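# A look at the structure
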Protein chains: 2
Amino acid sequence: MKRTLFPLFGLLAASISANELHSPDGGISLQYDTDESGSLHYELAFQDQTIIDASMLGFEVRIDGEAKNLSEGFEILKVVEGQSDETWTPVWGEESEIRNHYTEQLVSLQQKDSGIQMNLRFRLFDEGLGFRYEFPEQENLGHFVVTDELTEFAMTADHTAFWIPGDYDSQEYDYTESRLTEISSKFDDAYSDNASQTSFSKTGVQTALMLKTDTGLYLNLHEAALIDYPAMHLNLDPDYLVFEAWLTPNAVGDMAYMQAPAHTPWRTIMVSDDARDILASRMTYNLNEPCKIEDTSWIKPMKYIGVWWEMITGKSSWAYTDEPASIKIGETDYTQLKRSDRHAANTDHVKMYIDYAAKHGFDGVLVEGWNIGWEDWFGHEKDYVFDFVTPYPDFDVVSLNEYASENGVELIMHHETSGSTRNYERHMDAAYSFMKQHGYNAVKSGYVGNILPKGEYHYSQSIVNHYQYAVEKAADYEIMVNAHEAVRPTGIARTYPNLIGNESARGTEFQAFGGSRVHHVTILPFTRLIGGPMDYTPGVFEMDISKLNPENDSHVNSTLANQLGLYVVFYSPLHMAADLPENYDRFLDAFQFIKDVPMEWSKTVYLEAEPGRYITTARNEKGTENWWIGNVNGADARTAELNLDFLVPGKTYTATLYRDAEDAHYLDNPQAYEIEMLEVTSKSTLKIQSAPGGGFAIGIVAD
Amino acid sequence: MKRTLFPLFGLLAASISANELHSPDGGISLQYDTDESGSLHYELAFQDQTIIDASMLGFEVRIDGEAKNLSEGFEILKVVEGQSDETWTPVWGEESEIRNHYTEQLVSLQQKDSGIQMNLRFRLFDEGLGFRYEFPEQENLGHFVVTDELTEFAMTADHTAFWIPGDYDSQEYDYTESRLTEISSKFDDAYSDNASQTSFSKTGVQTALMLKTDTGLYLNLHEAALIDYPAMHLNLDPDYLVFEAWLTPNAVGDMAYMQAPAHTPWRTIMVSDDARDILASRMTYNLNEPCKIEDTSWIKPMKYIGVWWEMITGKSSWAYTDEPASIKIGETDYTQLKRSDRHAANTDHVKMYIDYAAKHGFDGVLVEGWNIGWEDWFGHEKDYVFDFVTPYPDFDVVSLNEYASENGVELIMHHETSGSTRNYERHMDAAYSFMKQHGYNAVKSGYVGNILPKGEYHYSQSIVNHYQYAVEKAADYEIMVNAHEAVRPTGIARTYPNLIGNESARGTEFQAFGGSRVHHVTILPFTRLIGGPMDYTPGVFEMDISKLNPENDSHVNSTLANQLGLYVVFYSPLHMAADLPENYDRFLDAFQFIKDVPMEWSKTVYLEAEPGRYITTARNEKGTENWWIGNVNGADARTAELNLDFLVPGKTYTATLYRDAEDAHYLDNPQAYEIEMLEVTSKSTLKIQSAPGGGFAIGIVAD
């Protein structure tokens, strides 16, 4: 595409005030207009610095079989100004109240030749812009097909980006830090193998995309409220440094089936000269609808352990039998198969986990591999792969849930779908009913492998719709959902807070699959976590995976103290302690932090943050004056200087500090940590060194 | 493809007896073998006349991502002979007992290089061959993907075929009678428009395919027990006159996902020198599994009228409002829309139909257009198109079902899916529950328009699986299913007799869409009805559709007497009287036949049959000595000569004869009929003339 757009600022800004919008604090300015051909474009500035150059808006669509360009020939009919400053109370989150403060313009547009009305709704927050397309009810537009979204995000310079490869099926990639112009040359290196993956361009990247300008600004591009629309990726035009929206297609190459009145998700651009503001932004949640679940009393944060890491590392197996088996649900007689000693989800072993959870105060125990079908569950395009209700012969679902209940622990259900979405929907009511019947209140669902129906992708409209269907139906059953390999979240948990977690990124499991880059955990809060919590499954204490499984030489690229820091840095209402009980027993003093760290917060302060380098976060424990601090550090050793002025003045606290030992290093000395207790007040400052791949965790308890 | 096969007969027949199988009466002989390259082929003869020349067998598959040819390199390991001669009792059907009489060979094959085992199971009945591929449980084959089925049906000469165009989405075509070599030149003319259609080859045709040789043999190619596999079409290689199996692909071009142990549907070849034997064959049912529904007492044949023909003709509408509307289920407030007087499914109008059904002894009243969503239901790839449980404001579902019940009539539910299969499955439990709650025991389902998920076809494996899912789930609810636009039946109703009907062909509705060819009804029993009953919706008395709707100038290409004959010639446990009550009231004497004709039979005798020309069928009314005869005639006037020797000797009967008047003609004098009563015995013969497009119907009641 030849770019023929001219910058709006300068040309138009002075003369046309209606096409300008400023954030509540005046720091961000939006300009938008139509040019002589009626094409729409917008531009964004932060503190008089242009951050989005003149960028196109619009669509290519198909209406009654005819192609139609909805990016030109428009005129602005009307602009309605609006604003909001309200607070709302999340069911769970990083603070007990969230402020939703923005200015708004609803721009009514009409295409001259077709008469089609399309509106643009711009919302400016102090930390960024959200905008979406709206198609009001009208005579000139009913059903239509989006064949391309033309939204652009024109970069002003060759910024540094923290990116993962654009892919229709997976977000489980390590981040690459590079200049925009280097994306294509680094793409192949960045594109690691996955069970299901479909790239579309060597300059394609995923959102949330974190950027840093040479002028010291932090930008973040993402979307909010992705409902019944394909996930948006970004494709860079390297000649012009313009990101174009790149939607996930369906089996026939269409992007979205729409019906007016309708709107797209919000396209979001965050900006600040302080990286901490990106972490502190609640723009993404604010752009979602308020909670639609009336009674949310059953939605509760959970800290859990599980029968999981032993399978991930290859020490144990999900499958009941290790012998080659081609299983048919409802036909295979498992009593005729030789049980494997490696089958972890057996009654005795799970009871041991329940005991361990009860002893150490965990809320839940996840058990994977409990239900029949795991022998050939993956890679076979197998439609009827699981039924979600039939336990293996050695898993006594009734007695285990009774035993858990007696011990004050809840079992967490696991529904691996193998990507067979129709099969999951066919069994969903029965599966959720089975859960409620047996005392399960939360489910971890999974979508490993290629999607069925064939031709659909993990992030295409129809499958995005499936994940939403599962969450809404779960809400009907009062079930919490933690969906893995589903589309990355976009703040939908505001509306459906039973969506307590997602994976949708490269989680800790990859530390057992060859390891993740050291900077990974310093980037995820700027990217994946923008849209909602991640079930990252931290807490791995044994970094040498060969000690669990001699055939697995993977190394966890993290110090033990870094693992502790994650519990505070990565906000989630659902946190696992992923490692084996036997490994926790070796480090019970460090394990104490995982046991102690709370799951509910009333306030969060971001003390330090630089993507790819470090993040230090402090959170106020709900209903107390206690504070908890976490730090994760990148590849270079670094000393954090923390000012504890968020503590209550005049009050004394006992701080327990879990930190890297001086000689700690993620590679060769990851388990070297020190625990220190000291008295602190709001006047205290702390200097704490984090090792390469290190971190620290602090519990500050009011005396 | 270059054909290099040599005929087996002569070369091999004398020497290798193990590779030969004869039908119970010896009339049909099968030969099969592997050649020097280990390729499989078979040959079929009837009374020493070769009817299938040496034809290839096998597949192209993909195993663990690798392409593999499963048509060569095989050796025969073992042949196990078998036979059966049993009778079984159908829940409904053309006779009260069905004989299942065949010889069998199960041929165990192994591919030398791969070790893969594949079996061929041949069953020879007196009227034809059924064979299928079986993949036994084995170490060398678990999951695999069929990318092509290579089965051939090599014709011995340029036969006459009665064919409809091969299509992945529709069977709603008029039949073309032509030589095989003429198919490609006549294809475009044969390919009429449909709401959803996807052709694949100008020499592609559908099964059941009816053929006639110049030597006077009748052949029929079809399949039986199509379960979890794509529907098979046939593609002619015109150079060699070889039909190749042509499966319906999915969105990515794969045909079938299989998992050993597995088998294909049966491929069937019927042959006789008497066309009546094709109609009399129960081979297709016999090749299906016995009934899997334990208590079948709730499955009952039904004669019904309905709020339907008035919409088909355009006199009334399915939609509640005629104003342009873009409807969203759950969002649109119908009370805000202007009700159209054309909305037929309103309480008063339906009550009139209930009254009419009660007065004339019909079992049921179908009502279409009762539920919200019809305003924009079609052609928009609309996922959430219907919810199947919300009536329009003017349809009082509770009072109407009470009213029907008080009058001894059942309302028949209608579920149009618009091809949105996921949406139907999501609502299926609620929809079936709603039916049972309100007293509905039967549902007519519909699949008009393109299939969702996009890329799937009406006849691809995944969607074939959907229809089966709907039937099996309906059985759980004790609901009878009559599925329109679903895949054509293949005898599955033996196993699930709650599948009481299908459309899956060009039904009577096309008489209001421009008309069907006159010979149509003389071919359907040889093709579409081979696999199961059709809800053909006969009984149209007013052939000039403009009398119902001045804007519709369609003409019904049939005489009134032909319409009556259909009730006997077309076996179905579900027959509609499709026309409007007001039209029946004009011809109450002819209507009497529709009222009288029974729906259950204990015996059937095919008196005369010639595809494309005429069929005359006599059936014994269950539990009585009464017989009912129907005739449908093609384009040329013809006199039937009927010998009534099937009547009980010595008994006298009163026959009521409904026949074309002398000057009747489907085009310009279709309503000219005569009714005659006469005494008959088993020694009587009748000569009855049928007009062009005419027919007759006779009720023979024992005195």
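Residues numbered from 1 in each chain as written. Chains lettered and ligands numbered in written order. Predicted model: local features only at pLDDT ≥ 70, side-chain atom pairs only at ≥ 80, totals over all residues. Heavy atoms only, no water.

Labelled according to an unreviewed UniProt entry, chain A appears under the name Glycoside hydrolase family 97 protein, originating from Pelagicoccus albus.

The next subject is the overall build of chain A. Counting its regular elements, chain A contains 12 helices and 37 strands. Since a compact globule built from 703 residues should have a radius of gyration of about 27 Å, the 25 Å found for chain A is in line with a globular shape. If one aligns the C-alpha atoms of chain A with their principal axes, the spans along those axes are about 75 × 65 × 50 Å. Taken over 703 residues, chain A has a buried fraction of 66%. Taking as baseline every contact in chain A between residues at least 6 positions apart, the subset at least 24 positions apart corresponds to 71%. Total accessible area on chain A is roughly 23400 Å²; 45% of this is exposed by carbon and sulfur atoms. (Helix = DSSP H or I, 4+ residues; strand = E, 2+ residues; numbered from the N terminus. Rg over C-alpha atoms; globule rule 2.2 N^0.38 Å. Buried < 20%, exposed > 50% of the residue type's maximum accessible area, 1.4 Å probe, protein only. Contact = heavy atoms within 4.5 Å. Areas by Shrake-Rupley, 256 points an atom, 1.4 Å probe, with all protein chains shown as cover.)

Turning next to the pattern of salt bridges. Within this structure, the stated rule accounts for 68 salt bridges over all chains. As a salt-bridge pair, Arg342 of chain B and Asp322 of chain B come within 3.4 Å of each other at their nearest N and O atoms. A residue pair is termed long-range when its members are at least 10 positions apart, and Arg342 of chain B in the loop between helix 4 (309-312) and helix 5 (347-360) and Asp322 of chain B in the loop between helix 4 and helix 5 qualify at 20 residues. Among the ionic pairs, Glu381 of chain B bridges to Lys454 of chain B, the shortest N-O distance being 3.1 Å. Of the two residues, Glu381 of chain B is situated in the loop between strand 24 (364-367) and helix 6 (397-406) and Lys454 of chain B in the loop between strand 26 (442-446) and helix 8 (461-476); the sequence distance between them amounts to 73 residues. Residues Glu381 of chain B and Lys454 of chain B agree in their burial class; the two are buried. Sharing partners across several salt bridges, the network here consists of Glu104, Arg121, Arg123, Arg132 and Glu134 of chain A. (Salt bridge = Lys/Arg side-chain N within 4 Å of Asp/Glu carboxyl O.)

Per the UniProt record, "domain: Glycosyl-hydrolase 97 C-terminal oligomerisation" (unreviewed entry) is annotated on residues 600-700 of chain A. Measuring from the first to the last C-alpha atom of residues 600-700 of chain A gives 15 Å, for a span that is 0% helix and 58% strand. (UniProt positions renumbered as here; feature names shortened; annotations may be inferred.)

How big an interface is tends to be reported as the loss of accessible area on association of its parts. Residues and elements named next belong to chain A. Domain boundaries assigned for chain A yield domain 1 (11-286), domain 2 (299-504) and domain 3 (553-573 + 582-703). Facing eight residues of domain 2, the contacting portion of domain 3 comprises 13 residues. Counting each side, the surface lost to burial between domain 2 and domain 3 is near 1000 Å², with a carbon and sulfur contribution of 61%. When the area that domain 2 buries against domain 3 is broken down by residue, the three leading residues are Pro301, Lys303 and Tyr356, summing to 50%. Across the domain 2-domain 3 interface, the total number found is zero salt bridges. Inspection of the domain 2/domain 3 interface yields six residue pairs in polar contact (both at pLDDT 80 or more). For the side of domain 2 that touches domain 3, the secondary-structure elements that each account for two or more residues are strand 23 (302-307) and helix 5 (347-360). Partitioning the side of domain 2 that touches domain 3 into residue classes produces five nonpolar, one polar and two charged. (Domains from an automatic or database assignment. Buried area = accessible area lost by both parts, 1.4 Å probe. Polar contact = N/O pair within 3.5 Å; in protein donor to acceptor, adjacent residues only side chain to side chain. Nonpolar A, V, L, I, M, F, W, Y, C, P; charged D, E, K, R; others polar.)

On to the packing of helix 5 of chain B against helix 6 of chain B. Residue and element names in this part refer to chain B. With their axes 10 Å apart at the nearest point, helix 5 and helix 6 run at an angle of 15 degrees to one another. Compared by their axis directions, helix 5 and helix 6 come out roughly parallel. Crossing of helix 5 against helix 6: the hand is right-handed. Residues Thr347, Val350, Lys351, Ile354 and Asp355 of helix 5 lie in contact with helix 6, whose contacting residues are Ser399, Leu400, Tyr403 and Ala404. (Axes fitted to C-alpha atoms, helices over the stretch in contact; angles between N-to-C directions. Parallel < 35°, antiparallel > 145°, perpendicular 65-115°, else oblique. Left-handed = near helix turned anticlockwise from the far one by under 90°.)

Let us now look at the interface of chain B and chain A. The interface of chain B with chain A comprises 30 residues on the first partner and 29 residues on the second. Interface area, chain B with chain A, both sides summed: about 2600 Å², of which 47% is carbon and sulfur. Sorting the residues of chain B by area buried against chain A places His143, Arg426 and Lys454 of chain B first, and these three jointly supply 23% of that buried surface. Viewed at the interface, chain A and chain B are joined by two salt bridges. Ionic pairing is found between Arg426 of chain A and Glu425 of chain B, a salt bridge with its closest N-O pair at 2.7 Å. One can count 22 residue pairs in polar contact (both at pLDDT 80 or more) joining chain B with chain A. Elements represented by at least two residues in the side of chain B that touches chain A include exactly strand 20 (256-259), helix 7 (421-438) and helix 8 of chain B. Looking at the side of chain B that touches chain A, the element that brings in the most residues is helix 8 of chain B, giving four residues.

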